[in-house]
Amino acid sequence: MCAICGCGTASRASEPGSAQPTGHDPHHAHLHDHHPHEHAGQTINFGEGRAGLHIGGMSQERVISIERDILAKNDAFAEVNRTRLRKAGVFALNLVSSPGSGKTALLVRTIDDLKDQYPIAVIEGDQQTSRDADRIRATGAQAVQVNTGKGCHLDAHMVGHALDHLSLGPGGLLFIENVGNLVCPAAFDLGEAHKVVVLSVTEGEDKPLKYPDMFAAADLMLLNKSDLLPHLEFDVGACLAAARQVNPLIQILTLSARTGEGLGSFYGWIEARAAAQMGTV
Amino acid sequence: MHELSLIESVVALVEDERRKQDFSRVRVIRLRLGALGHAEPEALRFCFDAVTSGTIADGARLEIEMVPGEGWCAGCRRTVPLDERFAACPICGNAGVRMTAGDELRVAEMEVE
């Protein structure tokens, strides 16, 4: 990551010489032209390289009080993204979960069911490969793959870059599928309207207690793969109680992306929340 | 291992300061970290030297002040210690203690020359 603006020295491989990204904090924008943004397909790489820095000046020893939040830069980028999305009339969700909870399958099903109702785009975060974005594009929706390289989460700056490659008009839905990781993405605001945590019934019902940060940060929990419940010893009541213990305000829906059970409630939630956001712009 | 990018963000804040104030070397960086927060102090220390190498913070020492968790208990009407996020009140046993400290993730100050 560039230590000046937090830019991850992204490379994206097709469209060489494309326009500089927009949507950043204005005092950062001029610093971006030192980044070798290579362009290829719809994959943006943030796992490579770092910017060099120079040291100058001289002075005597002293203490400087800083008192700034370590995530201040990320949060500033997140606010830029949030403003940009709201002005464009786009409702954005940040989907977080462990690997294998069925986020991509849920998105594919959701897009198939809602694509006649909303323009939909997806930002896919993974350490490597564009496999998930390929699955999304097969539905006809726009998708940008962000590869984080060694990174374990998406940050707001990466999402800002990804937004430059998507066109979504008023009434659009943006799904950001975060890197499969129940720890790190909790701390990083991306500018989304809501974090949605997906937990599958093949995981332990005590996961909300073991990874409380993520469940505390989410507004909605989707308990996925409900079609497998008859084959498992998974205590749904205990799982919901665990989630409410770490986040008394969390909303919870039980569903199956495979059979479609419970998806209507999820779509209803999206419709109501998207309408609420539009009403406040 | 998001501690890596947290240290990168710390370096970015030091660089911000470098543009406002004149110094050539950072001797110490002091962080204030909530005990119930998102970052693990040992993981921050582990990656600090590698991440700061070659930056304005190269060679700096990392000091971490831990802030214990605290919350406001509506039942007791007082601030109570919390040893985990969303724990029940250790005095009256009520759930729903609102965390008031322990989530900090801040650069407090630095010594420069």
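Above this text is the structure in question.
Here's a quick rundown of the structure. From a predicted model like this one, the values you see are computed outputs, not experimental measurements. (Residues numbered from 1 in each chain as written. Chains lettered and ligands numbered in written order. Predicted model: local features only at pLDDT ≥ 70, side-chain atom pairs only at ≥ 80, totals over all residues. Heavy atoms only, no water.)

What about the interface of chain A and chain B?
Okay, step 1: Counting from both sides, the interface comprises 35 residues of chain A and, opposite them, 40 residues of chain B.
Okay, step 2: Note on chain A versus chain B: buried area summed over both sides is about 3800 Å², and carbon and sulfur give 56% of it.
Okay, step 3: Linking chain A to chain B there are 4 salt bridges.
Okay, step 4: Between Glu 67 of chain A and Arg 32 of chain B there is a salt bridge, with its nearest N and O atoms 2.8 Å apart.
Okay, step 5: Our count for the contact surface shared by chain A and chain B stands at 14 residue pairs in polar contact (both at pLDDT 80 or more).
Okay, step 6: Secondary-structure elements contributing two or more residues to the side of chain A that touches chain B are strand S3 (62-69), helix H7 (212-217) and helix H8 (236-246) of chain A.
Okay, step 7: For the side of chain A that touches chain B, the leading source of residues is S3 of chain A, giving 8 residues.
Okay, step 8: Bridge count for S3 of chain A against strand S6 (residues 105-112) of chain B is 6 bridges, and the pairing is antiparallel. In the strand pairing of S6 of chain B, Arg 68 of chain A is matched with Val 107 of chain B. (Contact = heavy atoms within 4.5 Å. Buried area = accessible area lost by both parts, 1.4 Å probe. Salt bridge = Lys/Arg side-chain N within 4 Å of Asp/Glu carboxyl O. Polar contact = N/O pair within 3.5 Å; in protein donor to acceptor, adjacent residues only side chain to side chain. Helix = DSSP H or I, 4+ residues; strand = E, 2+ residues; numbered from the N terminus. Pairing = 2+ DSSP bridges.)

Side note on the packing of helix H1 (residues 3-20) of chain B against helix H2 (residues 41-52) of chain B
Residue and element names in this part refer to chain B.
Okay, step 1: H2 packs onto H1 with a crossing angle of 55° between their chain directions and a minimal axis gap of 9 Å. Here H2 runs oblique to H1, going by the angle between their axes. The interaxial crossing formed by H1 with H2 has right-handed handedness. Contacts between H1 and H2 involve Glu 3, Leu 4, Leu 6, Ile 7, Glu 8 and Val 11 on the former and, on the latter, Ala 43, Leu 44, Cys 47, Phe 48, Val 51 and Thr 52.
Okay, step 2: Residue classes in the contact of H1 with H2 are distributed as 9 nonpolar, 1 polar and 2 charged. (Axes fitted to C-alpha atoms, helices over the stretch in contact; angles between N-to-C directions. Parallel < 35°, antiparallel > 145°, perpendicular 65-115°, else oblique. Left-handed = near helix turned anticlockwise from the far one by under 90°. Nonpolar A, V, L, I, M, F, W, Y, C, P; charged D, E, K, R; others polar.)

Notes on the sheet that holds strand S5 (residues 98-101) of chain B
Residue and element names in this part refer to chain B.
Okay, step 1: The 3 strands lie next to each other as S4-S3-S5, forming an open sheet whose pairing is antiparallel. Pairing within the sheet leaves two strands with one partner each, and these edge strands are strand S4 (78-81) and S5. Averaged over neighbouring strand pairs, the angle between their axes works out to 40° when direction is ignored.

Points about the sheet that holds S6 of chain B
Okay, step 1: If you walk across this open sheet you meet the 4 strands as S3(A)-S6(B)-S1(B)-S2(B), and the pairing is mixed. Single-partner strands in this sheet number two, and they are S3 of chain A together with strand S2 (61-67) of chain B. Put simply, the sheet's adjacent strands are angled 20° from each other on average, direction ignored.
Okay, step 2: Here strand S1 (residues 26-34) of chain B runs beside S6 of chain B; their pairing, made up of 7 bridges, is antiparallel. Each bridged residue has a counterpart across the sheet, and for Leu 33 of chain B the counterpart in S6 of chain B is Leu 105 of chain B.
Okay, step 3: Against the sheet, H2 of chain B contacts S1 and S2 of chain B, and its axis sits at roughly 170° relative to S2 of chain B.

Re unusual backbone geometry
Of all residues except glycine, most have a negative phi; of all peptide bonds, most are trans.
Residues and elements named next belong to chain A.
Okay, step 1: The phi dihedral of Thr 129 is positive, around 75°, even though this residue is not glycine.
Okay, step 2: On the basis of relative accessible area, Thr 129 is assigned to the partly exposed category, the value being 40%.
Okay, step 3: Phi is positive for Lys 225, close to 65°, though the residue is something other than glycine.
Okay, step 4: Among the secondary structure elements, Lys 225 is positioned in the loop between strand S9 (220-224) and H8. (Buried < 20%, exposed > 50% of the residue type's maximum accessible area, 1.4 Å probe, protein only.)

A closer look at the pattern of salt bridges
Okay, step 1: On inspection of all chains with the given rule, the structure shows 27 salt bridges over all chains.
Okay, step 2: When the shortest N-O distance is used, the salt bridge between Asp 16 of chain B and Arg 68 of chain A registers 3.0 Å. One end of the pair, Asp 16 of chain B, is in helix H1; the other, Arg 68 of chain A, is in strand S3, on a second chain.
Okay, step 3: Using a relative accessible area of 24% as the deciding quantity, one classes Arg 68 of chain A as partly exposed.
Okay, step 4: A salt bridge links Glu 192 of chain A to Lys 195 of chain A, with the shortest nitrogen-to-oxygen separation between them at 3.4 Å.
Okay, step 5: Here Glu 192 of chain A falls in the buried class, since its relative accessible area comes to 5%.
Okay, step 6: One connected set of salt bridges, linked through shared partners, spans Arg 25, Arg 27, Arg 30, Arg 61, Glu 63, Glu 109, Glu 111 and Glu 113 of chain B.

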